[in-house]
Amino acid sequence: MTTLLMVKGHPKTAEQSFSMKGFDKFLEVYRATHPDDDVQIIDVFHDDVPEIDDDMMTGWAQLQSGIAFTDLSTAAQAKITRFNELTEQFMAADKIVLANPLWNLMIPTKVKAWIDTTVITGKTLKYAATGAVGLVSGKKLLHIQANGGIYEGNDPASRYVKDIFNFIGLTDFESVYVEGQAYAPQNADVILNDALVKIENIAKTF
């Protein structure tokens, strides 16, 4: 069975967010055209997505020194367990859709926390004499991002998302931008509808 992982990277719903309108459109069309696939959804603002903090860094260091997992602090055990679950979920997915807004030229910090669970030495990349080598293959990712301005993929957030997934070996990467509505609010409906048409067409064959 093919597994699609949908990553919701906005705290609001489609009623208030262009990126979530794209997320919902993709999900609707994909489910209709791929009824047998396993669709999983992670909502980074409302699900448990631990950020790398002192508990986790201390716990990882202790594990590397030989300390048993059960001897870690309760907080470290809980956070590392959940972090590992998210890593395994990503690794098991065949397809990924990430939808987020552009906030101050960057992705939301909650999205960054989720991305951190996908960049793991020994699982999704390794280091060789020539440098980092991505280990992720056979996956594809669609990035949906809503921008008030027009950047055509040249904003720091879009470049980061593409670069970090390329870094771990995921090169089958496609983007759809819902952008320019802040510059031309009178054209917001046209901008949105054009993007939704692109998203619908991608979803049918993704």
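Every value quoted in this text rests on a predicted model; they were computed, and no experiment measured them. (Residues numbered from 1 in each chain as written. Predicted model: local features only at pLDDT ≥ 70, side-chain atom pairs only at ≥ 80, totals over all residues. Heavy atoms only, no water.)

### So, the pairing of strand β7 (residues 172-179)
Consideration 1: Judged from the 8 bridges that link them, strand β6 (residues 140-147) and β7 form a sheet pairing that is parallel. Each residue of the ladder has a partner; that of leucine 142, found in β7, is glutamate 174.
Consideration 2: Remark: the β6/helix α5 (residues 156-167)/β7 crossover connection has right-handed handedness. (Pairing = 2+ DSSP bridges. Helix = DSSP H or I, 4+ residues; strand = E, 2+ residues; numbered from the N terminus. Right-handed = clockwise from strand over helix to strand, strands pointing away.)

### Re the sheet that holds strand β2 (residues 38-43)
Consideration 1: As summarised here, the arrangement of the 5 strands in space is β2-β1-β3-β6-β7, forming an open sheet in which the pairing is parallel. On the outer flanks of this sheet lie β2 and β7, each paired with one strand and no other. For this sheet, the mean angle separating the axes of adjacent strands, direction not counted, is 15°.
Consideration 2: Bridge analysis of strand β1 (residues 3-8) against strand β3 (residues 95-101) gives 5 bridges, and the strand direction is parallel. Residue pairing for β3: lysine 8 is matched across the bridge by alanine 99.
Consideration 3: Each of β1, β2, β3, β6 and β7 is contacted by helix α1 (residues 18-33), which is oriented at about 165° to β1, the strand it contacts most.
Consideration 4: Most of the contacts of α5 go to β6, to which it runs at about 170°, and overall it touches β3, β6 and β7. (Axes fitted to C-alpha atoms, helices over the stretch in contact; angles between N-to-C directions. Contact = heavy atoms within 4.5 Å.)

### Some remarks on the UniProt feature "binding site: FMN" (unreviewed entry) in the protein chain
Consideration 1: Per the UniProt annotation, the sites labelled "binding site: FMN" (unreviewed entry) are Ser17, Phe18 and Ser19.
Consideration 2: Within the secondary structure, serine 17 is located in the loop between β1 and α1.
Consideration 3: What makes serine 17 buried here is its relative accessible area of 3%.
Consideration 4: Setting aside chain neighbours within four positions, we find serine 17 in contact with His10 and Lys12.
Consideration 5: Polar contacts involving the side chain of serine 17 include one to the side chain of serine 19, which spans 3.0 Å. (UniProt positions renumbered as here; feature names shortened; annotations may be inferred. Buried < 20%, exposed > 50% of the residue type's maximum accessible area, 1.4 Å probe, protein only. Polar contact = N/O pair within 3.5 Å; in protein donor to acceptor, adjacent residues only side chain to side chain.)

### Side note on the packing of helix α2 (residues 54-64) against helix α3 (residues 74-92)
Consideration 1: Contact pair α2 / α3: the axes reach a minimum separation of 9 Å and the direction vectors enclose 90°. By the angle class used here, α2 and α3 are roughly perpendicular. On α3, the residues touching Asp55, Met56, Gly59, Trp60 and Leu63 of α2 are Ala75, Ala76, Lys79, Ile80 and Phe83.
Consideration 2: Residues that form the contact of α2 with α3 fall into these classes: 7 nonpolar, 1 polar and 2 charged. (Parallel < 35°, antiparallel > 145°, perpendicular 65-115°, else oblique. Nonpolar A, V, L, I, M, F, W, Y, C, P; charged D, E, K, R; others polar.)

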